[in-house]
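Okay, here's what each chain looks like letter by letter:
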Amino acid sequence: MRRFLRKYILPLVLSLVLTSCFSDFEPDIESKPVLCMISNISDGDSIKVSLTHTWRWSDKSESISMNAPWGSDGKLESDLLVEDALVKLYVNDEYKETLKLGKGMSGIGMNKYINGGVYYPVDDYPWATTGYVYYIADYIPQCGDKIRLEAESEEYGSAWAEVTVPQTVEIDSVDYTVSNFDDRNTALSEFYLFNMNLSVWFSDPGNETNYYMFETSSPGYFKGVDAEGLEYEESVNFRDVTDDPLFTEHVSAIDHVLAETSGYSLFSDRQISGKSYPLHVRLEGVSYQLDNRSAIPDAENSYIKFILYSISPSYYRHVISVWAANDGIVGALGDVGLAEPVFAASNVSTGAGVVSASAKYEYKLYMRPLIESIQKESQQ
């Protein structure tokens, strides 16, 4: 119903109101390109920084595609890369080093920056590409570090941003119930299918405002050889239909009716500050398959993984602003001139890009012990 209203009803109303109100208009505004800085700094991982420059949307240069700064091959547009800058790293207000320019495979952050200020999930647009260019530091950040990055380019000027790496918040425990358990084993393979409702417990520290992001994943397919030399393949798959109310705390009443609100798992602690809370996770069509029943696989090969990220305010505000611009009602109205436009939030001095930080805690729920437990309970 929500998608129907947003996709059909709202555009229809706007089309009636705005009929004959559009014309091409190119404002003659002086605009000088500035540095765009992007980095997600993770506890225990190397610091990588992407530097590009802003561009005018109406730029008709053949060297800059409509998908800038990403070309059709998935790599950054070479004309937008800034490879001659001086990038300095400060840790806890002390100069640490000057970053080196590197090229190759890279996973710079949790999301990919595209079209001058919009983040998309890394699962939909893989970040890792051969030939990617970034600045990299030798220093490995830790929780609590205050990181400051300063970049200077002769052509595009300077840019700086500052962020503190948050403390890790642990997942205390995971409770679950299983329904619709279906044993579809054959003489050659094992196959189980079921649904799960889970409570993923964690405790908010309560000493300051904290921001989080939650993720559920699995390794998918795994090939292995058991102690007797028997080869086998395992797989774990599911559909994540989690709808915990914390994931939509940023959504207004009208957005709940008309806007797209799914697909986001960021939240703050404003409702749970200092408390223990169970994230309500729902998984449908959970499947586990072992192709060789004669093999005895390692119990830790197949699992469902729950990840709780502690994220910086800069990351939270940026993604929420992107949601407001792309999926919220105000953003939709702003696109057609009926409201103020919504711009992506940035903590970079030039207003282009974002420097964020995160720390994560992983909890693995192993499938073989889980299935054995289910089978024992069914026999009692």
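Quantities reported herein were computed from a predicted structural model and do not represent experimental measurements. (Residues numbered from 1 in each chain as written. Predicted model: local features only at pLDDT ≥ 70, side-chain atom pairs only at ≥ 80, totals over all residues. Heavy atoms only, no water.)

Caption draft 1: Region of interest: the pairing of strand β17 (residues 276-290). Note: strand β12 (residues 190-203) against β17, 13 bridges, orientation antiparallel. Looking at the pairing, Phe194 lines up with Val286 of β17. The pairing of strand β15 (residues 231-240) with β17 spans 6 bridges and is classified as antiparallel. In the sheet register, Asn237 faces β17, and the bridge partner there is Ser287. (Pairing = 2+ DSSP bridges. Helix = DSSP H or I, 4+ residues; strand = E, 2+ residues; numbered from the N terminus.)

Caption draft 2: Quick peek at the nonpolar core. Counting 34 residues, the largest nonpolar core has Leu279 and Phe306 as the members making the most contacts within it. Elements with a contribution of two residues or more to this core: β11 (171-183), β12, β13 (211-217), β15, β17, β18 (303-311) and α5 (367-379). With 7 residues, the top contributor of residues to this core is β17. Of all hydrophobic cores here, the second largest spans 26 residues; its members include Ile147, Ala159, Val165 and Val348. (Core = buried A, V, L, I, M, F, W, Y, C linked by side-chain atoms within 4.5 Å. Buried < 20%, exposed > 50% of the residue type's maximum accessible area, 1.4 Å probe, protein only.)

Caption draft 3: Expanded view of the side chain of Asn210. Within the element layout of this structure, Asn210 appears in the loop between β12 and β13. Take Asn210: its relative accessible area is 13%, and that puts it in the buried class. At 3.2 Å, the side chain of Asn210 and the side chain of Asp204 are in polar contact. Discounting chain neighbours no more than four positions away, the residues touching Asn210 are Asp204, Pro205, Phe267, Ser268 and Asp269. (Polar contact = N/O pair within 3.5 Å; in protein donor to acceptor, adjacent residues only side chain to side chain. Contact = heavy atoms within 4.5 Å.)

Caption draft 4: Fine view of the sheet that holds strand β3 (residues 86-91). Taken in spatial order, the 4 strands line up as β4-β3-β9-β10 in an open sheet, and their pairing is antiparallel. This sheet does not close on itself; its edge strands, each paired only once, are β4 (94-98) and β10 (157-164). For this sheet the average axis-to-axis angle between neighbouring strands, irrespective of direction, equals 20°. In this sheet, strand β9 (residues 146-153) lies alongside β3 in antiparallel orientation, the contact comprising 6 bridges. Bridge assignment links Val87 to a residue of β9, and that residue is Ala151. (Axes fitted to C-alpha atoms, helices over the stretch in contact; angles between N-to-C directions.)

Caption draft 5: Looking closely at the packing of aromatic side chains. Counted by the stated rule, this structure contains 13 aromatic pairs. Taken together, a centroid distance of 6.5 Å and an interplanar angle of 40° make the contact between Phe222 and Tyr232 tilted. With a gap of 10 residues between them, Phe222 in strand β14 (residues 221-225) and Tyr232 in strand β15 connect regions that are remote in the sequence. The exposure class of Tyr232 is buried, given its relative accessible area of 4%. Ring pairing ties together the aromatic residues Phe202, Tyr212, Phe247, Phe267 and Tyr277, which thus form one cluster. (Phe/Tyr/Trp six-rings, centres within 6.5 Å; stacked < 30°, edge-to-face > 60°.)

Caption draft 6: Structural detail: the side chain of Thr242. Structurally, Thr242 can be placed in the loop between β15 and α2 (253-258). Among the polar contacts made by the side chain of Thr242, one reaches the side chain of Asp240 at a distance of 2.5 Å. Within polar-contact distance, the side chain of Thr242 engages the backbone nitrogen of Arg282 at 3.2 Å.

Caption draft 7: Representation of unusual backbone geometry in the model. Although it is not a glycine, Asn92 sits at a positive phi angle of roughly 50°. Within the secondary structure layout, Asn92 lies in the loop between β3 and β4. Using a relative accessible area of 40% as the deciding quantity, one classes Asn92 as partly exposed.

Caption draft 8: Seen up close, the sheet that holds β12. Across the sheet, which stays open at both edges, the 5 strands sit in the order β11-β12-β17-β15-β14 with antiparallel pairing between neighbours. Among the strands making up the open sheet, the edge pair consists of β11 and β14. Put simply, the sheet's adjacent strands are angled 25° from each other on average, direction ignored. Looking at chain direction, β11 and β12 are connected through 10 bridges and run antiparallel. When the sheet's bridge partners are listed, Val178 is paired in β12 with Met196.

Caption draft 9: Broad picture of the confidence of the model for the protein. Taken residue by residue, the protein gives an average pLDDT of 79. The fraction at 70 or more is 69%. Here strand β7 (residues 118-121) is the element of the protein with the lowest mean pLDDT, 30, and β3 is the one with the highest, 98. Contacts of residues 60-68 to residues separated by more than four positions or lying in other chains number 17 contacts, the stretch itself having pLDDT below 50. (pLDDT = per-residue confidence, 0-100.)

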